[in-house]
Amino acid sequence: MNQPRPKRLARAKFALPSFVTLLSIACGFGSIVISVDNAQVGAPGDFRLAAILLVLAGVFDALDGFVARATNTQSSFGVQLDSIADVMNFGCAPGLLLYCYGFAQLGAAHPTIVRMGGLACFIFVACGALRLARFNVSVGKTDPRYFVGMPITAGAACVASVVVAWPDPVVTNAQAFAVMALMVAVGTLMVSTVRFPSSKQKLTKGMYIVLAVAVLLLIILQTRFFVLFFLLYICATLLLNIAWHGGWRGIAPPKVYDEDESTA
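Remember, it's a predicted structure, so these values are computed and weren't measured experimentally. (Residues numbered from 1 in each chain as written. Predicted model: local features only at pLDDT ≥ 70, side-chain atom pairs only at ≥ 80, totals over all residues. Heavy atoms only, no water.)

### Overview of the confidence of the model for the protein
Link 1 in the chain: Confidence in the prediction of the protein, expressed as mean pLDDT, is 87, and 88% of residues score 70 or more.
Link 2 in the chain: Counted against residues more than four places away or in other chains, residues 259–264, with its pLDDT under 50, gives 11 contacts. (pLDDT = per-residue confidence, 0-100. Contact = heavy atoms within 4.5 Å.)

The following block contains the structure:
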């Protein structure tokens, strides 16, 4: 028996956020396929495309939450699907991209470095999964103005920005060790207790000025702007946390909840 039209529309409305999440997964999977296919070829344009697909996955990741709130269709199923998608799109996909980009061209000539590169990329993936698990169990227990540890989406964008800026694959040992350091450093930031400002911060006049400067730098630096952006983002966040520990209160520090005291 056919369902009444209003009921079918209601079911379709609840499926919409999940469909957007599946589009995000499609972008992440596309990035993985391109990375694997290009591992031995080393075409810079394909590596850059794989990195751009991760950025697009991030756009859909943000959009699915917006759609769920706009249509009042938030659900536990959607939360679980989004979390699984995040592990794939912002953990596995960038980890594999950086492995293919940073170590596949070294080949049999440097097997030890290739294995070390694989381990560094796994550390990034593992830290991303741990970061998501911690976030899922701490919802409502930490100050919503700040993330505990670098968000996995920002971590993925940070490592992908290097590929966007310099899409030619790594061919020297020094470059390979730099990629290893990048993956381990970003992974460590994700599982750290450093507080990163969230998008829920209130916009001030100073932030609008920063945004205008960022747009100007984007026009000037183009693809390399994103590397500079994440470098400044990380450095500014670390300096802010150090200042809080030193007693500075020019920017309000995060509130500490009882459940959050062990990670503060």
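The discussion continues.
### Points about a nonpolar patch on the surface
Link 1 in the chain: On the surface, a cluster of nonpolar side chains totalling about 580 Å² of accessible area is made up of Leu-211, Val-215, Leu-216, Ile-219, Ile-220 and Leu-221.
Link 2 in the chain: Its place among the elements puts Val-215 in helix H7 (residues 205–221). (Patch = residues over 30% accessible without salt bridge, like charges linked within 9 Å, V, L, I, M, F, W, Y side chains within 5 Å. Areas by Shrake-Rupley, 256 points an atom, 1.4 Å probe, with all protein chains shown as cover. Salt bridge = Lys/Arg side-chain N within 4 Å of Asp/Glu carboxyl O. Helix = DSSP H or I, 4+ residues; strand = E, 2+ residues; numbered from the N terminus.)

### Side note on the pattern of salt bridges
Link 1 in the chain: Per the counting criterion, the structure on display carries 1 salt bridge.
Link 2 in the chain: A salt bridge links Asp-143 to Arg-145, with the nearest nitrogen and oxygen atoms 2.7 Å apart.

### Section: helix H6 (residues 173–191)
Link 1 in the chain: For H6, which comprises 19 residues, the first-to-last C-alpha distance of 28 Å matches the rise-based estimate of 27 Å (1.5 Å per residue) to within 8%.
Link 2 in the chain: For H6, the complete set of buried residues consists of Ala-176, Val-179, Met-180, Leu-182, Met-183, Val-186, Gly-187, Leu-189 and Met-190.
Link 3 in the chain: Where H6 is buried, its residues touch helix H3 (76–103), helix H4 (111–137), strand S1 (146–148), helix H5 (152–165), strand S2 (195–197) and helix H8 (225–245). (Expected span 1.5 Å × (residues − 1). Buried < 20%, exposed > 50% of the residue type's maximum accessible area, 1.4 Å probe, protein only.)

### Some words on the packing of helix H2 (residues 44–70) against H3
Angle between the axes and distance between the axes are the two parameters that describe a pair of packed helices.
Link 1 in the chain: Where H2 meets H3, the axes come as close as 11 Å, and the angle between the chain directions of the two elements is 165°. Looking at the two axes, H2 sits roughly antiparallel to H3. Along this stretch, H2 crosses H3, giving a crossing that reads as left-handed. Contact residues: H2 offers Phe-47, Ala-50, Ala-51, Leu-54, Ala-57, Gly-58, Asp-61 and Asp-64, while H3 offers Asp-82, Asp-86, Asn-89, Phe-90, Ala-93, Pro-94, Leu-97, Cys-100 and Tyr-101.
Link 2 in the chain: Counted by class, the contact of H2 with H3 contains 11 nonpolar, 2 polar and 4 charged residues. (Axes fitted to C-alpha atoms, helices over the stretch in contact; angles between N-to-C directions. Parallel < 35°, antiparallel > 145°, perpendicular 65-115°, else oblique. Left-handed = near helix turned anticlockwise from the far one by under 90°. Nonpolar A, V, L, I, M, F, W, Y, C, P; charged D, E, K, R; others polar.)

### Details of the nonpolar core
Link 1 in the chain: Membership of the largest hydrophobic core comes to 54 residues, with the highest contact counts inside it found for Leu-97, Leu-98, Phe-103, Met-150 and Met-183.
Link 2 in the chain: For this core, the elements supplying multiple residues, two or more each, are helix H1 (5–38), H2, H3, H4, H5, H6 and H8.
Link 3 in the chain: When residues in this core are grouped by element, the largest group, 9 residues, is from H5.
Link 4 in the chain: Setting aside anything within four residues of it in sequence, one finds Leu-98 in contact with Phe-103, Cys-121, Val-159, Val-163, Val-179 and Met-183. (Core = buried A, V, L, I, M, F, W, Y, C linked by side-chain atoms within 4.5 Å.)

### Focus: the packing of aromatic side chains
Link 1 in the chain: Summed over the entire model, instances satisfying the criterion amount to 9 aromatic pairs.
Link 2 in the chain: Centre to centre, the rings of Phe-196 and Tyr-233 are 5.5 Å apart; their planes meet at 50°, and the pair counts as tilted. A residue pair is termed long-range when its members are at least 10 positions apart, and Phe-196 in strand S2 and Tyr-233 in helix H8 qualify at 37 residues.
Link 3 in the chain: By relative accessible area, which is 0% here, Phe-196 ends up buried.
Link 4 in the chain: Taken together, a centroid distance of 6.2 Å and an interplanar angle of 5° make the contact between Phe-229 and Tyr-233 stacked. Here Phe-229 pairs with Tyr-233, and both are found in helix H8, just 4 residues apart, close to one helical turn.
Link 5 in the chain: One aromatic cluster is present, formed by Phe-196, Phe-225, Phe-226, Phe-229, Phe-230 and Tyr-233 through successive ring pairs. (Phe/Tyr/Trp six-rings, centres within 6.5 Å; stacked < 30°, edge-to-face > 60°.)

### Notes on the UniProt feature "transmembrane region" (unreviewed entry) in the protein
Link 1 in the chain: This chain's UniProt record puts "transmembrane region" (unreviewed entry) on residues 12–35, 47–67, 87–107, 113–133, 145–166, 172–191, 203–220 and 226–244.
Link 2 in the chain: Counting secondary structure, residues 87–107 comes out at 81% helix and 0% strand; the distance between its end C-alpha atoms is 28 Å.
Link 3 in the chain: Helix makes up 100% of residues 226–244 and strand makes up 0%, while its end C-alpha atoms are separated by 27 Å. (UniProt positions renumbered as here; feature names shortened; annotations may be inferred.)

### A few points about the side chain of Asp-86
Link 1 in the chain: For Asp-86, the position within the fold is in helix H3.
Link 2 in the chain: Despite its burial, Asp-86 pairs with no opposite charge, the nearest such side chain being Arg-131 at 8.8 Å.
Link 3 in the chain: Filtering out sequence-adjacent residues up to four positions away, Asp-86 remains in contact with Asp-61, Gly-91, Leu-132 and Ile-152. (Lys, Arg positive; Asp, Glu negative; His and termini not counted.)

### A word on the packing of H4 against H5
Link 1 in the chain: Interhelical geometry of H4 versus H5 gives an angle of 155° and a closest axis separation of 10 Å. With respect to their mutual orientation, H4 and H5 come out roughly antiparallel. Packed against H4, whose contacting residues are Phe-124, Gly-128, Arg-131 and Leu-132, the element H5 presents Ile-152, Gly-155, Ala-156 and Val-159 at the interface.
Link 2 in the chain: In terms of residue class, the contact of H4 with H5 is built from 5 nonpolar, 2 polar and 1 charged.

### What to know about the environment of Phe-90
Link 1 in the chain: In this structure, Phe-90 sits in helix H3.
Link 2 in the chain: When the C-alpha atoms of Phe-90 and Gly-58 are compared, they prove to be 8.2 Å apart, with 32 residues separating the residues in sequence.

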